[in-house]
Amino acid sequence: MRFELVFLGSGTSAGVPMIACDCPVCTSDDPRDARSRASALVRYTDDQSNLRDLLIDTSPELRQQAIDQRLMRIDGVLYTHAHADHILGMDDLRRFNAAMDAPVDVYAEPRVIEQLSAMFRYIFEPHKNVQKSFVADLIAHRIHPGQTFSLFGADWTPLRLMHGRLPIVGFRVDAFGKSLAYCTDVSAIPSETYPLLDRLDVLVIDALRYRHHPTHMTVDQALEVIDRVRPRGAYLTHIAHDIAHAELEPRLPDGVSLAYDGLCVSLTGVEAVAPDPG
Ligand SMILES: [Zn+2]
Ligand SMILES: [Zn+2]
Ligand SMILES: [Zn+2]
């Protein structure tokens with residue numbers, strides 16, 4: 001019985017290090033300061049004891065993230081929103097089509113599916129391509145905030161979040177009596193969403209930097225949400241180069257940690273598994 005969350009990427013839209021920046025964090029030797037664009041893997045055993053791998057978002061670094069984690073299959077992709085840092089790895093899903101000899105199911109709000117279809121027309125309307133070529137084979141499924149659906153024995157609930165003025169979704173996942181919520185790219189949580197964040201074992205929340213930002217939470221705002229929701233453990237993600245891991249981590253309250261690329265959190269194990277980042 002396994003239920004894990006793996007941070008494939010913990011960085012903001014520009015990634016860390018950023019192009020053309022020589023600040024102390026962008027030039028840090030600490031591997032936890034190297035943050036690829038935000039995405040996560042949710043891994044759990046189904047009722048046949050098969051391991052299932054579900055991706056939240058396909059970052060531009062999906063290829064490297066999948067290689068680093070030795071992902072051999074993907075049982076579905078769930079999209080939070082259609083910003084470039086969360087979708088541009090979509091093209092690389094075709095490798096999973098080839099490896100599995102099967103289409104990949106993708107789940108998103110109707111508006112996000114429209115945006116994906118417009119940006120990746122060659123994938124969604126392959127019959128209009130000049131010639132037949134190897135494009136991803138995806139099956140789109142429409143999801144709605146607050147409407148729970150089941151995937152391989154786990155319950156997935158899209159959570160309405162506000163990303164500045166843009167409504168997006170996070171996800172709550174319930175399996176084996178444990179629960180996690182993944183809330184990236186959020187600046188405000190609508191009141192109707194708070195009841196869906198009840199009794200969480202793990203909350204992942206956006207904490208871009210220390211200074212105010214119109215579309216992301218600051219570290220202090222994220223800590224306020226954690227204080228209100230009271231999960232058993234919390235992880236900050238979508239982190240910019242303003243934050244040095246070794247500088248902030250010791251100052252965080254008990255039970256709150258900074259995510260880093262490759263961090264695996266086990267919900268069914270005795271404690272979280274934190275691989276040596278070196
Ligand atoms: Zn983002
Ligand atoms: Zn920098
Ligand atoms: Zn975004």
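Before reading further, recall that the structure is shown in the block above.
Attention in this report is confined to the structure presented alongside it. (Residues numbered from 1 in each chain as written. Chains lettered and ligands numbered in written order. Predicted model: local features only at pLDDT ≥ 70, side-chain atom pairs only at ≥ 80, totals over all residues.)

Here we look at the nonpolar core
Definition in use: What makes a nonpolar core is a set of buried Ala, Val, Leu, Ile, Met, Phe, Trp, Tyr and Cys residues, with links drawn between C-beta atoms within 7 Å. Our exposure labels follow a C-beta count within 10 Å of each residue's own C-beta, placed from the backbone: buried means 20 or more other C-beta atoms, exposed means 12 or fewer, and partly exposed covers the counts in between. Any residue pair is listed as a contact if its two C-beta atoms, each placed from the backbone, are within 7 Å.
Among the nonpolar cores identified, the biggest contains 75 residues, and Phe171, Ala181, Val202, Leu203, Val204, Ile205 and Leu236 are the most heavily contacted of them. Ignoring any residue separated from it by four or fewer positions in sequence, one finds Phe171 in contact with Ile56, Leu78, Trp156, Thr157, Pro158, Leu159, Ala181 and Tyr182.

Let's talk about helix H6 (residues 219-229)
Convention followed: Each helix corresponds to a stretch of at least 4 residues labelled H or I by DSSP, and each strand to a stretch of at least 2 residues labelled E; elements are numbered beginning at the N terminus. Our arc is simply the arc of the directions from the helix axis toward the C-beta atoms.
Along H6, the residues classified as buried are Val219, Gln221, Ala222, Val225 and Ile226. Take H6 and look down its axis: the buried residues cluster within an arc of 165°, on one side only. Set apart from the buried face of H6 by more than 90 degrees, the exposed residues are Asp220, Glu224, Asp227 and Arg228. The secondary structure elements touched by the buried residues of H6 are strand S11 (202-206), strand S12 (233-237) and strand S13 (256-258). In the segment just after H6, Arg230 is the residue with positive phi, at about 55°.

Examining the sheet that holds strand S3 (residues 51-56)
Counted only if it meets this: Two strands form a pair only when DSSP identifies at least two bridges running between them. Think of each axis as a best-fit line through the C-alpha atoms, taken over the contacting stretch in the case of a helix, with angles from 0 to 180 degrees between the N-to-C directions.
What the seven strands build is an open sheet, ordered S6-S5-S4-S3-S2-S1-S14; its pairing is mixed. Edge positions in the sheet fall to strand S6 (138-142) and strand S14 (264-266), since each of these pairs with one other strand and no more. Put simply, the sheet's adjacent strands are angled 20° from each other on average, direction ignored. Across six bridges, strand S1 (residues 3-9) lies against strand S2 (residues 39-45) in antiparallel orientation.

Observations concerning the environment of Gly11
Summarising the element assignment, Gly11 is placed in the loop between S1 and S2. In sequence terms Gly11 and Ala240 are 229 residues apart; their C-alpha atoms lie 6.1 Å from each other. Setting aside residues no more than four positions away along its own chain, Gly11 makes contact with Val16, Arg35, Ser36, Arg37, Ala38 and Ile239.

A closer look at the pairing of S1
For S1, a buried count of six out of seven residues is recorded, marking the element as mostly surrounded by other parts of the structure. Pairing analysis gives three bridges linking S1 to S14, with the strands arranged antiparallel. Bridging across to S14, Val6 finds its partner in Cys264.

Some thoughts on unusual backbone geometry
The amide bond that connects Val16 to the next residue, Pro17, takes the cis arrangement and shows omega of 0°. At Phe152, a position not held by glycine, the phi torsion is positive, near 55°. Within the secondary structure, Phe152 sits in the loop between strand S7 (149-151) and strand S8 (154-163). The class for Phe152 is partly exposed, based on 18 C-beta atoms found within 10 Å. A positive phi angle, close to 55°, is found at Arg230, a residue other than glycine. Topologically, Arg230 is positioned in the loop between H6 and S12. Classification of Arg230 by C-beta neighbours within 10 Å gives partly exposed; the count is 13.

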